[in-house]
Amino acid sequence: MTSYPTRVLTESWRGDPTDLIQRHSNLDSVDQSWQTSTSHTAAAASGMVQTSIRVPAHGKPTEDFMPPAQQTPGDTGAVVDVVLSQKGGVGKSTITVNLAAVIGENTRPNGPDEDAPVIAAGIDPQGSMEKWADKVEEDALPFDYVSTRGDNDMIPALKRDPLVRRIIVDCPGFMDIDPTAERSKDPLGHGAAADALRAVLEVADRAIVPINPEWLAFDPTEYTIERILRPRRIPFLVVVNRWDPRDGREDLEKVEAWIDEHGYPRTPQPIRKYKIHTNAAEKGLVVTRYAESGTALRAREDFYKLAIALDGLEVRS
Ligand SMILES: Nc1ncnc2c1ncn2[C@@H]1O[C@H](COP(=O)(O)OP(=O)(O)O)[C@@H](O)[C@H]1O
Ligand SMILES: [Mg+2]
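The rules behind the values
Residues numbered from 1 in each chain as written. Chains lettered and ligands numbered in written order. Predicted model: local features only at pLDDT ≥ 70, side-chain atom pairs only at ≥ 80, totals over all residues. Heavy atoms only, no water. Core = buried A, V, L, I, M, F, W, Y, C linked by side-chain atoms within 4.5 Å. Buried < 20%, exposed > 50% of the residue type's maximum accessible area, 1.4 Å probe, protein only. Helix = DSSP H or I, 4+ residues; strand = E, 2+ residues; numbered from the N terminus. Near = heavy atom within 4 Å. Polar contact = N/O pair within 3.5 Å; in protein donor to acceptor, adjacent residues only side chain to side chain. Areas by Shrake-Rupley, 256 points an atom, 1.4 Å probe, with all protein chains shown as cover. Pairing = 2+ DSSP bridges. Contact = heavy atoms within 4.5 Å. Axes fitted to C-alpha atoms, helices over the stretch in contact; angles between N-to-C directions.

## With respect to the nonpolar core
And step 1. Counting 43 residues, the largest nonpolar core has Val 82, Leu 84, Val 169, Leu 201, Ile 211 and Leu 229 as its most contacted members.
And step 2. At 6 residues, the largest contribution of residues to this core is made by helix H6 (residues 192-203).
And step 3. Counting residues in hydrophobic clusters, the runner-up holds 35 residues, among them Ile 95, Val 118, Phe 143 and Phe 303.

The following block contains the structure:
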């Protein structure tokens, strides 16, 4: 049985990448085959070296470790779903990790000792995915996570990796927009966050646009769809997040009516607001790991339903 590398660790590092490999405690004894899979991209402005290392999920590679085979022609690679909205705080990060968790639990690994070939990726130049990942008990996750940290070739490369089947991308909290951009032009700005987003949208197959049941969320949602997604012909699905069932259905129906009036496809059910989600982020938990309770079950159900709704959406051709 061939054991393939399944985890990507990325961090900015000055100097010899071997030192970086050594710093990860479960990778103490590395052999030569690791280093063959190490790649660098010079991040010009900072003078830092960006190092990505693909490593097996469970420490050292086995003897028969081999670089992944070339993709067969015509294979478009892993499906890339991008979670984005111009509005901050709508639930992009929450949706990314929990969707990756439910999909990861239901995607067969490449081998008995392998992790599921599902990756949650953060493209925020601040590396917020890393902050979350620091709190996570690694073995508890049915997916891998990466943070691109300015390496805009990473997600295209992962998409081509035959061992990866799904990539869910968490977009930066706030979108870098050039307010002076003409209506007919791409409004993405010129900073690192905009460059990262542009690169991901190039390879995105679909987009998930979270919206909260409050009118303040309407404009940024429309902007995201009309200015960012539609010009790129990226199929999208709007999902209402953080609807509190205790508030009654009025706000939910209002936002659903708004989405429908605009002709935007949306999931049939919202993701409900549960305190358990808010607390989970702090503890590095994902829905598939919540302690059993009625609320945990309902919280999980919402993300399974989102995963199913997403399956019905065609990928960009
Ligand atoms: N369905 C939900 N129920 C309860 N809290 C939620 C839910 N979705 C998101 N949150 C909380 O709302 C805040 C913003 O969510 P986050 O995922 O960080 O948004 P974004 O990534 O779009 O900025 C976080 O504190 C998060 O825990
Ligand atoms: Mg976020």
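That covers the picture; the talk isn't over yet.
## Re the site of ligand 1
And step 1. The environment of ligand 1 is made up of 15 residues, and the closest members are Gly 89, Lys 92, Ser 93, Thr 94 and Arg 242.
And step 2. Measuring from an oxygen atom of ligand 1, one finds a side-chain N or O atom of Ser 93 at 2.9 Å.
And step 3. In this structure, an oxygen atom belonging to ligand 1 sits 2.6 Å away from a side-chain N or O atom of Thr 94.
And step 4. A total of 550 Å² of accessible area belongs to ligand 1 in isolation, and the protein chains cover 81% of it.
And step 5. Broken down by secondary-structure element, the contributors of at least two residues to the shell around ligand 1 are helix H3 (92-105), strand E9 (236-243), strand E10 (271-272) and helix H9 (275-283).
And step 6. By residue number, the principal contributor to the shell around ligand 1 is H3, which donates 3 residues.

## Quick word on the sheet that holds E9
Backbone-to-backbone hydrogen bonds pair the strands of a sheet. The strands run either parallel or antiparallel.
And step 1. Strand order in the open sheet formed by 7 strands is E6-E5-E7-E4-E8-E9-E10, with parallel pairing between adjacent strands. Lying at the two open borders of the sheet, with one neighbouring strand each, are strand E6 (144-147) and E10.
And step 2. This element, H3, spans strand E4 (79-83), strand E5 (118-122), strand E7 (166-170), strand E8 (206-211), E9 and E10 of the sheet and lies at about 165° to E7.

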